[in-house]
Amino acid sequence: MIDVASFGANIQKSVLEAMSDALGLAILVCDKNDEIIFAARPILQFYPIPAQFLETGTRLRDFLGAVFDSGVRNGTAPETSLRHSNRDEWISEHLSHHWRERFEVVERIGRHRWISLRKRRLSNGLGIVSITDVSEQKKREEQIQLDLERIELTEGILDCMPNPICVKDRNLNYVAVNKAFCAIHGMTPEAILGRSVWDLLEPELAEKFERSDRATLETGAVHCQPEQIVQADGEDLWVVTRKFRVGGPGKYLLVTCMNDVTDLVVGYADRDGVKTGRTPLEVKDYNAFVPAQNCYDPFRSIDMQHLVEAGAIIEPVSAIRHRALLVTSSAVLEQNLVPLLRRWGLDACAVRTRAELTAFEEVCAARGIEIAALIVDGAMPEAQDVVSNWTALPSLQLAKNWTASDLRARVLALCGKGSGGAVAGAASAPADWDIIVPDIGPAGRPAPDVEVVVAEDNEINQFVFAQILEGLGISYRIAANGEEAVRLWQQYRPNLVLMDVSMPVMNGFDAARAIRAAEKSAAFQTPIIAVTAQALDIDIDESKAAGMDDHITKPISPDMIEAVYRKFVVTRPERMAG
């Protein structure tokens, strides 16, 4: 037996010291007799013990005894260390831990200090202990827990507030709402968060609210406005709306608080002969409360079973608006012309076949509903028969050479006559009326049935795209991945593709390359717009390399989509003006 250090022992010790420094660990190694054969000096940073207890040959039991005597040991704070279990029990317990094959624990060794202990016992009997300071990590975890508790408490307080409150980010998307605000719209928080006011209200009101929102965010000036709100349940709510900017530069948030003053406006004393004890107050000028949100939908409360059993429960009101019926087999013409007629003040809908037209006539006759004008697509094979067989109903057959103003004048004149006044058009009119659906699209190609293909995998963003495109009167299809986007492009050949660059199955870059490869022999190329989460140079460069024409960043807005559509799609002024 050679009772001297083997050749290379100093090298091994140096390697362990270097590993300890490089990894930020305090390493201790003992043999199968529980004697220390290596102990890194950083151990003294955790345990204030004499350095002699780290010398080679020191028994592990003596090392643990010195740790216990120091008062700063695992699982204790200094002020409670003397009340721990007795010395021998503590040493025996920790010796047993060292003889486990694997043992890991995170323990406190001071009031504000935490360590991670990892112990391994190898098959040859060597025991290795690594000690890491995880105090900063524990502090972060504790801070995160405190923040979560604080957020939960704040949300609980906001939900208990009777006044509607909402918070928007710098992009004016809702990031927090309380129960009172959700009750106004009759929606859940999940249905509101992440959306903007454009998704909840009419465009005119949305534009007004966004204007005041941006003014407050940009200037910091408090916005104050008395408003009258019609809630989802039909009840009036009189509020004084105040908007505040909170947070620091670059991280501003917009807080909107609607102070409920309904009690002051309505008054409660002696209402219906009941004394309430509240002082009756009189509002001098109701005009001070401008019309705001109208979230009431009268059809929500209709009992559909009673509707079936009792027939129509809403009596037709003939004096409201003239009714116009469109007869066309073209889905594209229907999607574009019906909204246009409604914008002109008509109550418009459409049928696609002769059978649907006959059924519609029978229902109207049974309910006493009068149709002011029948508008017939001249491209239908049976268009002339429809016009001739409906002599009692004012009819109008579309002609290709009419402008939007011509059509509007003819339709309104027809409705004003009430009967007769049919304006005949050419029976051989083209498939689509060129003012509403141009027969010649970009680069001289036929107009597609679907104008825009959107490639987007996120369901919320899909909903936002759909709302914006429907609001602009643009037909569209949505693909959930790049492979589906290529398939929809091949099927419809749209005027524009809005391509999210990050998608499953096939990403936006590969999808764009596939489309460009298929277009090599084509006379025209479909504009492809990259949709990115951030305007990073690497994404923009890769988009260009994939053959995309431009890029936009999320969150998207109606103005952004309309600007891109105007830039890359050749449209007539009448189409965009509506």
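Just above sits the structure.
Rules of the game
- Residues numbered from 1 in each chain as written.
- Predicted model: local features only at pLDDT ≥ 70, side-chain atom pairs only at ≥ 80, totals over all residues.
- Heavy atoms only, no water.
- Pairing = 2+ DSSP bridges.
- Helix = DSSP H or I, 4+ residues; strand = E, 2+ residues; numbered from the N terminus.
- Axes fitted to C-alpha atoms, helices over the stretch in contact; angles between N-to-C directions.
- Contact = heavy atoms within 4.5 Å.
- Buried < 20%, exposed > 50% of the residue type's maximum accessible area, 1.4 Å probe, protein only.
- Salt bridge = Lys/Arg side-chain N within 4 Å of Asp/Glu carboxyl O.
- Phe/Tyr/Trp six-rings, centres within 6.5 Å; stacked < 30°, edge-to-face > 60°.
- Lys NZ or Arg CZ within 6 Å of the ring centre and 35° of its normal.

Participant: Could you clarify how one ought to interpret the sheet that holds strand β2 (residues 36-39) in this entry?
Facilitator: The pairing of strands in a sheet comes from backbone hydrogen bonds and takes either a parallel or an antiparallel form. One open sheet accounts for 5 strands, arranged β2-β1-β5-β4-β3; its pairing is antiparallel. Two strands lie at the open edges of the sheet, namely β2 and β3 (102-108), each paired on one side alone. The average angle at which neighbouring strand axes cross in this sheet is 15°, direction not considered. Of the pairings in the sheet, the one linking strand β4 (residues 114-121) to strand β5 (residues 127-133) comprises 7 bridges and is antiparallel in character. Within β5, the position partnered with Arg-120 by the bridge is Ile-128. Packed on one face of the sheet, helix α4 (residues 87-98) meets β3, β4 and β5 and runs near 60° to β4.

Participant: Please clarify how the pairing of strand β14 (residues 373-376) should be interpreted in this entry.
Facilitator: Consecutive side chains of a regular strand alternate in pointing toward one face of the sheet and then the other. Residues of β14 alternate between two faces, with Ala-373 and Ile-375 on one and Leu-374 and Val-376 on the opposite face, all of them buried. Here 4 bridges tie strand β12 (residues 323-327) to β14, and the two strands are oriented parallel to one another. Bridged to Leu-326 within β14 is Ile-375. Bridging between β14 and strand β15 (residues 395-397) involves 3 bridges; their strand directions are parallel. Residue pairing for β15: Leu-374 is matched across the bridge by Ser-395.

Participant: What's the story with the pattern of salt bridges in this structure? I'm lost.
Facilitator: Opposite charge on two side chains permits pairing when their charged atoms draw close. Within the structure shown, the criterion is met by 20 salt bridges. Linking Lys-139 and Glu-136 is a salt bridge whose minimum nitrogen-to-oxygen distance equals 3.8 Å. Placement of both Lys-139 and Glu-136 in helix α5 (residues 135-160) is noted, with a separation of 3 residues, approximately one turn of the helix. Residue classification places Lys-139 among the partly exposed residues on the basis of a relative accessible area of 42%.

Participant: How should the packing of aromatic side chains be read in this particular structure?
Facilitator: One pair of aromatic rings is described through two measures. These are the centre distance and the angle between the planes. Considering all chains together, one arrives at 3 aromatic pairs under this definition. Relative to Trp-90, the ring of Phe-68 lies with its centre 5.6 Å away and its plane at 55°, an arrangement referred to as tilted. Here Phe-68 is found in helix α3 (residues 60-70), whereas its partner Trp-90 is found in helix α4, with 22 residues between them in sequence. Each member of the pair, Phe-68 as well as Trp-90, carries the same accessibility label: buried. Ring geometry for Tyr-174 versus Phe-181: centroids 5.6 Å apart, planes at 45°, classification tilted. Summarising the burial analysis for this pair, Tyr-174 and Phe-181 share the class buried. It is Arg-121 that lies over the ring of Trp-99; its NZ or CZ is 3.6 Å from the centre.

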